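# Summary of the model geometry
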Amino acid sequence: MDEIKKLSSVTVGDTEVVYWQNIKSGQVELALVPAAAPAPALDRSEIDNAELTPLAEVKIRGDHNTCGFGAGRSMRHNGSTEQFRFREQQMRDHEVETILADPRGYELAHRLAWRGDTPVFTVSVEFRNRSRKPVTLDMIESFALGGLGPYASDEQHERIRLHRFRSSWSAEAYHVADTAEALHLERSWSGHSVCSERFGQIGTMPVRGFHPFAAVEDAKTGVFWGVQLAWAGSWQIEFSRRRALDFSLSGGLADREFGHWSKTIDAGETFTAPEAFVACSAHGFDALCSRLLAEQEARLDVPESEEDLPVIFNEWCTTWGDPTEEKVLAIADKLRGTPVRYLVIDAGWFKSDGSEWYAAQGDWEPSPRLFPNGLKAVADKIREYGFIPGIWFEFEVCGPQSKAFKLYEKHHLTLDGIPVFPDRHFWNLNDPEAKAILEEKVVQMLKRNGFGYIKVDYNETVGFGCDHPDSPGEGLRRQVLGTYGMFRRLREVNPGLVIENCSSGGHRLEPSMFALSSMSSFSDAHEEPEIPVIAASLHRLMLPHQNQIWAVVKPQHELKKLGYILSSAMLGRFCLSGDILGLNDEQWAFVREAMEFYRRLVPVLKHGSSTLSTMMSPAWRKLRGNQILVRRSRDGRELALFVHVFDNPPSQIAFRLPAGEWKIIEEFAAPGTGTSSTAGNEYRLDAPAPMSGRVIRLQN
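## Observations concerning the side chain of Ser521
Note on placement: Ser521 falls in strand β30 (residues 519-521). For Ser521, the residues in contact, after removing those within four places along its chain, are Glu500, Asn501, Cys502, Gly505, Gly506, Leu509 and Gln548.

## With respect to the environment of Glu95
Structurally, Glu95 is set in strand β6 (residues 95-102). Using a relative accessible area of 21% as the deciding quantity, one classes Glu95 as partly exposed. Along the chain, Glu95 and Arg115 lie 20 residues apart, while their C-alpha atoms are 9.1 Å from each other. Those residues within four positions of Glu95 in sequence are excluded, and the remaining contacts are Gln90, Arg111, Leu112, Ala113 and Trp114.

## Overview of the nonpolar core
Phe127, Phe574 and Leu576 are the most contacted members of the largest nonpolar core, which has 194 residues in total. With 11 residues, helix α12 (residues 585-606) is the single largest residue contributor to this core. Those residues within four positions of Leu576 in sequence are excluded, and the remaining contacts are Ile312, Phe313, Asn314, Leu335, Ala551, Val553, Trp588, Val591 and Met595. One finds Ile653, Leu657, Trp662 and Ile696 within the second-largest nonpolar core, a separate group that totals 14 residues.

## Concerning the sheet that holds strand β37 (residues 663-669)
The 5 strands are arranged β33-β34-β35-β40-β37 in an open sheet whose pairing can be described as antiparallel. Two strands close off the open sheet at either side, each with one partner strand: β33 (608-616) and β37. Pairs of neighbouring strands in the sheet enclose a mean axial angle of 15 degrees, with direction left out of account. One ladder, built from 7 bridges, connects strand β34 (residues 625-633) with strand β35 (residues 638-645); its direction is antiparallel. Paired with Ile628 across the strands is Val643, a residue of β35. Helix α11 (residues 559-569) contacts β35, β37 and β40 (692-699) of the sheet and is inclined by roughly 55 degrees relative to β40.

## Topic: the pairing of strand β10 (residues 160-168)
Side-chain direction in a regular strand flips from residue to residue, so the side chains alternate between the two faces of the sheet. Across 4 bridges, β10 lies against strand β14 (residues 213-218) in antiparallel orientation. Bridge pairing in β14 places Leu162 opposite Val216. Both β10 and strand β11 (residues 171-179) contribute to a ladder of 7 bridges, which runs antiparallel. Within the sheet, the bridge partner assigned to His163 lies in β11 and is Ala177. Remark: 2 residues form the turn of the hairpin made by β10 and β11, two consecutive strands paired antiparallel; Ser170 in that turn has positive phi of roughly 65 degrees.

## A look at α11
When you tally the buried positions in α11, you get 9 out of 11 residues, the bulk of the element. Among all positions of α11, only Leu559, Leu562, Gly563, Tyr564, Ile565, Leu566, Ser567, Ser568 and Ala569 are buried.

## Topic: empty space enclosed by the protein
For the structure on display, the rule yields 7 cavities of 30 Å³ or more. Within this model, the largest cavity holds a volume of roughly 80 Å³. Along its surface, the largest cavity is lined by 11 residues, and Glu51, Thr53, Arg241, Arg242 and Ser248 are the ones closest to its centre. For the lining of the largest cavity, the secondary-structure elements that each account for two or more residues are β16 (235-241) and β17 (247-253). A class-by-class count of the residues in the lining of the largest cavity yields 2 nonpolar, 4 polar and 5 charged.

## Focus: the packing of aromatic side chains
Scanning the entire structure with this criterion turns up 31 aromatic pairs. With a centroid separation of 4.9 Å and an interplanar angle of 50 degrees, the aromatic rings of Tyr174 and Trp620 are classed as tilted. Of the two residues, Tyr174 sits in strand β11 while Trp620 sits in the loop between β33 and β34, which places them 446 residues apart along the sequence. Residue classification places Tyr174 among the partly exposed residues on the basis of a relative accessible area of 26%.

## Some remarks on the packing of helix α4 (residues 325-335) against helix α5 (residues 374-384)
Between α4 and α5, whose axes approach to 10 Å, the crossing angle comes to 10 degrees. With respect to α5, the axis of α4 lies roughly parallel. Touching Glu325, Val328 and Leu329 of α4 are Val378, Lys381 and Ile382, all from α5. Tallied by class, residues from the contact of α4 with α5 come to 4 nonpolar, no polar and 2 charged.

The rules behind each value
Just so you know, the residues in each chain are numbered from 1, in the order the chain's sequence is written. Only residues with pLDDT of at least 70 get local features here, since the model is predicted, and only at 80 or more are side-chain atom pairs given and counted; chain-wide, interface and lining totals rely on the full set of residues. To obtain the side-chain values, all non-hydrogen atoms of the structure were used and water was disregarded. Each helix is a run of DSSP H or I of at least 4 residues and each strand a run of E of at least 2, with the numbering of both proceeding from the N terminus. Only heavy atoms enter the contact rule, under which two residues are in contact if any of them lie within 4.5 Å. Working definition: with a 1.4 Å probe on protein chains only, accessible area under 20% of the residue-type maximum means buried, over 50% means exposed, and in between means partly exposed. In these notes, a set of buried Ala, Val, Leu, Ile, Met, Phe, Trp, Tyr and Cys residues joined through side-chain atoms within 4.5 Å is what counts as a nonpolar core. By the convention used here, strands pair only if DSSP detects at least 2 bridges between them. Between N-to-C directions, angles cover 0 to 180 degrees, with each direction set by a line fitted to C-alpha atoms, over the stretch in contact for helices. Using a grid of 1 Å spacing that covers the protein atoms alone, one calls a set of points a cavity when a 1.4 Å probe fits there but cannot get out, and a pocket when the set is open and has protein on both sides within 12 Å along at least five of seven lines; lining residues are those with an atom within 4 Å of a point. Grid points are joined across faces, edges and corners, and a volume is the space filled by probe spheres set on the points. Polar here means any residue outside two lists: the nonpolar Ala, Val, Leu, Ile, Met, Phe, Trp, Tyr, Cys and Pro, and the charged Asp, Glu, Lys and Arg; Gly therefore counts as polar. The aromatic pairing rule takes the rings of Phe, Tyr and Trp, using the six-membered ring of Trp, and pairs them if the centres are within 6.5 Å, calling planes under 30 degrees apart stacked, those over 60 edge-to-face and the rest tilted. Any angle that falls under 35 degrees is termed roughly parallel, while one over 145 is termed roughly antiparallel, one within 65 to 115 roughly perpendicular, and all others oblique.

Everything listed here is a matter of coordinates, which is why it stays silent on function.
Rendered as structure tokens:
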């Protein structure tokens, strides 16, 4: 058995970061464990069949592939990784840097950093070519965690679970948890074969199939380990094991096998993989998610107008792609005196006669028929009414009904020399002329016309890649960097600009895009009953005060349905839409009451933590049961309780609150939908009405 020793360790909050080293191979493993019970055994040196997980892996073209029947299933444990041995480690203030070296002149610099005593860690890996020749990478990981789960021979059946969030259009953040056995990751009798669950997303919609998140649960100890990738392109995560009884979790850029990516690094050059956030917790799944969200919050950079999380009005579900000056100003007049601050003109303002909004993007010339006085006149009038004007763009693409579609075709992305064309073209965001066009048509247009808010939509994916000398995956990676550059440029020229990140709803809900925007559209499920389910699940993946949730109101809605819709929007950033001009006095008063109630929720939404409890069917399109989300203030003295009741409810819902004597201070709900009460730390809802929603504020 190879000798394994503890190389170093550091404790941050309640988490111990441990580095283990295999003396013979020179491999180093990164492990995170709770600093106190119920941590699993830490001494790797006394464990039979211990197999360290290399904290940084690459695959260099020409080195041998993964053995143990792994080729095509995983690129880990390859001939390149075997040659990187520990060279040195530096423990700096809030950072550990570990250097691995290959005798051919290559280095891997692994950095783990944290802020204060908050036990969430940012991991990055840099490849350095110190040789005299170019080298081609076919894989580089952003992170790897080892030692997950049982270390001893008394392996417990169904002890280890992998938590993920599946996603599809209008059905984001569907939480699933699979046992290692269900994933067919039981160790073989000899441990020879590679067992790996490799999953991810290919293209420029990073939340398509899965969110870039994974967590591993040890049900015996109650310990969770989790990761979020901060990357808006193709990515992969692997949950794997081989000879050892424990598991590893690793990932980063989608590799050559999975994402058609490879890159040549010239002599003297370096390459850094996208960042990942990692954490562990012995306090449950929601606590783990809250730790990962802490790093998102630390990276926020939003305009001053966002400090009190104002209400948005977007006219998309009012005009449905046919906005006009007259319609927009009528809406503005109706909204005067309400908590709404942003009034957003959505898609269609640019379409010419005979064209459709979804095929005319690219020219960005306002329609003289829809806006005869121009956009600046409308934006100025919106400001006179007391609102910040906003406008919709899908600036990364050109629709086939635009002049730019053919006129600037050579400045669009290609694959095999042919424009990438699912149903639109994509500007090459690394092309100087394309960037100059977008600078004038988008960045400067916002400044000239006085818009203080932009909704950036993105309604198709490039696919697996685009032309680049290294690989299609590298072309796609560079396109993602171009997108980041555009978002940064928007704020450079318009410093107070509020940016909404949208991609057919929620296809870009990941940390790197959160850091570049003020808020994100939660979904395109604008009028569907599953709105509160999607919105509540997203509390585990993104900050609620960045999570824009729509309330689409219509004259045919009775108060019970309005209550369901409006209480759903309070789970994040309240965005009103729909036919507000057609509402009667009672309906409009109820909508205004909801917006005022939301304003009083802002402190706990902005600074707090969430716990989700569901007693519901797994079918989101046929909801049964109920859902309760508890949002607790940072000081622990206030709760916001979001209760949504679906079909076939019981006669009473009882729910245990955190310890204490909780009193209801106010409630938002439609009349006749149930009666709320508390006794100590128990909340009860008597006679809950089906398909109803309510929000309760409580104090201790």
